[in-house]
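# Reading the structure
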Amino acid sequence: MAYNNNNNNNYNNNNNNNNNNNNNNNNINTDFLLLLLLLFLLLFLLLLLLLLLLLLLLLLLLLLLLLLLLLLLLFQ
C-alpha cells in the first residue's frame, strides 16, 4: 500500500513538474511574441515618421518653388 502511494505521489509530482515546465515555456513564447509585436510597431512608427518627413520635405520644396515663381514674376 505504501509503495502504491509512493508511486502515485511520484506520478503526481512528475505531472506537476511537467505542467510547470509547460507554463514556463508558454510564458517565454508569449514574451517573445510580445517583443516581436513591439518591434514591428516600432518599425511601423519609424516608417510613418519617415513618410511624414518626406512629406514635409516635399512641401518645403513646393514652397520654395512658389517663392521662386513669385520672384520671377516680380522681376520681369
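Report on the accompanying structure.

Here is what the cut-offs are and how they apply
Residues numbered from 1 in each chain as written. Predicted model: local features only at pLDDT ≥ 70, side-chain atom pairs only at ≥ 80, totals over all residues. Heavy atoms only, no water. Helix = DSSP H or I, 4+ residues; strand = E, 2+ residues; numbered from the N terminus. Rg over C-alpha atoms; globule rule 2.2 N^0.38 Å. Areas by Shrake-Rupley, 256 points an atom, 1.4 Å probe, with all protein chains shown as cover. Patch = residues over 30% accessible without salt bridge, like charges linked within 9 Å, V, L, I, M, F, W, Y side chains within 5 Å. Salt bridge = Lys/Arg side-chain N within 4 Å of Asp/Glu carboxyl O.

### Section: the overall build of the protein chain
Along its length, the protein chain carries one helix and zero strands. Its C-alpha atoms give the protein chain a radius of gyration of 33 Å, more than 25% over the compact-globule value 11 Å for 76 residues. Looking at the protein chain as shown, the accessible area adds up to about 7900 Å², and 72% of this sits on carbon and sulfur atoms.

### Some remarks on a nonpolar patch on the surface
On the surface, Phe32, Leu33, Leu36, Leu39, Phe40 and Leu43 cluster together into a nonpolar patch covering about 650 Å² of accessible area. In this structure, Leu33 sits in helix α1 (residues 2-74).

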